[in-house]
Amino acid sequence: ELLALGLLCTCIAPVAAAQGMSSAVNYRQFHLLFLNTPQDCSLAIAATQADIDGLSNCTSLPALTVGRRDCSVVCSVMNLSSLRYLKTIAGDLTIQCCVSLTSLSGLDALIGVGGSLVLYFNQNLTTFGGLAMLTHVNGSVEISQNVQLTTVSAFASLQTIGGSLLIANNPALVSVGGLAALQTIKGEELEAAGHALSVLYNIALTDLSGFAGLANI
């Protein structure tokens, strides 16, 4: 981008001189134009903090994967605060293999996910704080192998899951109390075992009261 900026400024200077303009003034005008170029809100994979910060003005995305599909490759995302204006994701939202991520704060404006929501193998994720406005996920929800996760309390507004719900292999999870607003799991997509609702191998889990409002599976 810097190289392109230099080349364009070099080309602009003669034009400015021919029109009786100062090349410095013209450069300044171009520089402001360059800095105000709209952001690319079509990014599908964010593996670094810079990727996340580059989405700071986006209100919607076609899909978003935060982290690496290969968990042997380090994900350097530390926080999601730059996503504070994001309201909708048309496809899947996947957050996985992010060792530096401790919460989901920054997704506070997110209302809907058109695809599936996957929260997988985030070793230091202790809370889902940041998803309090999420009302529906049209696909499935998977919460698995988040080894320090203790609660799913951030899903206070989630009412409908179009696919299946899988909560598995979260050894520190003690409560699913945050799912109190959940009323319907449609099961239009089923997880691998073929069930619309699966709660498996969460060895510290003692409280299922969060499913009290669940009326339809």
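Owing to the predicted nature of the structure, the values given are computational and were not obtained by experimental measurement.

### Brief notes about the environment of Leu 173
1) Next: Structurally, Leu 173 can be placed in the loop between strand 11 (165-168) and strand 12 (184-185).
2) Next: For Leu 173, a relative accessible area of 0% puts it in the buried group.
3) Next: Separated by 26 residues in sequence, Leu 173 and Val 147 have C-alpha atoms that sit 8.2 Å apart.
4) Next: The residues contacting Leu 173, other than those within four sequence positions of it, are Leu 149, Thr 150, Thr 151, Val 152, Ile 167, Asn 202, Ala 204 and Leu 205.

### Considering the packing of aromatic side chains
1) Next: On inspection of all chains with the given rule, the structure shows 2 aromatic pairs.
2) Next: Residues Tyr 120 and Phe 121 carry aromatic rings whose centres are separated by 6.0 Å and whose planes lie at 40° to one another, so their mutual orientation is tilted.
3) Next: Look at Phe 128 and Phe 155: their rings are 5.5 Å apart centre to centre, the planes differ by 85°, and that puts the pair in the edge-to-face class. Here Phe 128, found in the loop between strand 7 (117-120) and strand 8 (136-137), pairs with Phe 155, found in the loop between strand 9 (141-144) and strand 10 (160-161); they are 27 residues apart in sequence, far enough to count as distant.
4) Next: Look at Phe 128 and you get buried, because its relative accessible area is 0%.

### Remarks on the sheet that holds strand 11
1) Next: What the 7 strands build is an open sheet, ordered 1-3-5-7-9-11-13; its pairing is parallel. Strand pairing shows two members of the sheet lacking a second neighbour, strand 1 (45-46) and strand 13 (197-200), which therefore form its edges.
2) Next: As paired strands, strand 5 (residues 93-96) and strand 7 are joined by 4 bridges and run parallel to one another. Within strand 7, the position partnered with Leu 93 by the bridge is Leu 117.

### A look at the state of the cysteines
1) Next: The tally for this structure, following the rule as stated, stands at 2 disulfides.
2) Next: Covalent S-S linkage joins Cys 41 and Cys 58, the inter-sulfur distance amounting to 2.0 Å. Around the S-S axis, the bridge from Cys 41 to Cys 58 shows a dihedral of about -95° and counts as left-handed. Of the two residues, Cys 41 is situated in the loop between helix 2 (23-35) and strand 1 and Cys 58 in the loop between helix 3 (49-53) and strand 2 (60-61); the sequence distance between them amounts to 17 residues.
3) Next: The exposure class assigned to Cys 41 is partly exposed, which follows from its relative accessible area of 27%.
4) Next: Sulfur-sulfur distance for the disulfide between Cys 71 and Cys 97 comes to 1.5 Å. Linking Cys 71 in the loop between strand 3 (64-67) and strand 4 (88-89) with Cys 97 in the loop between strand 5 and strand 6 (112-113), this pair joins segments that are 26 residues apart in sequence.

What counts as what
- In this numbering scheme, every chain counts its residues from 1 along its sequence in written order.
- With the structure being a predicted model, the display of local features is reserved for residues of pLDDT at least 70 and the display and counting of side-chain atom pairs for 80 or more, all residues being used for whole-chain, interface and lining totals.
- No hydrogens and no water enter the side-chain calculation; it runs on all heavy atoms of the structure.
- A helix here means a DSSP run of H or I that spans at least four residues, while a strand means a run of E at least two residues long, and both kinds are numbered starting from the N terminus.
- Burial classes: relative accessible area under 20% of the type maximum marks a residue as buried, over 50% as exposed, and values in between as partly exposed (1.4 Å probe, protein chains only).
- By the convention used here, residues are in contact when the closest approach between their heavy atoms is within 4.5 Å.
- Any two of the Phe, Tyr and Trp rings considered here, Trp counted by its six-membered ring, make a pair once their centres fall within 6.5 Å; the pair's planes then place it as stacked at under 30 degrees, edge-to-face at over 60, or tilted in between.
- The pairing criterion is simple: DSSP has to find at least two bridges between the two strands.
- When the sulfur atoms of two cysteines come within 2.5 Å, that pair is taken as a disulfide.

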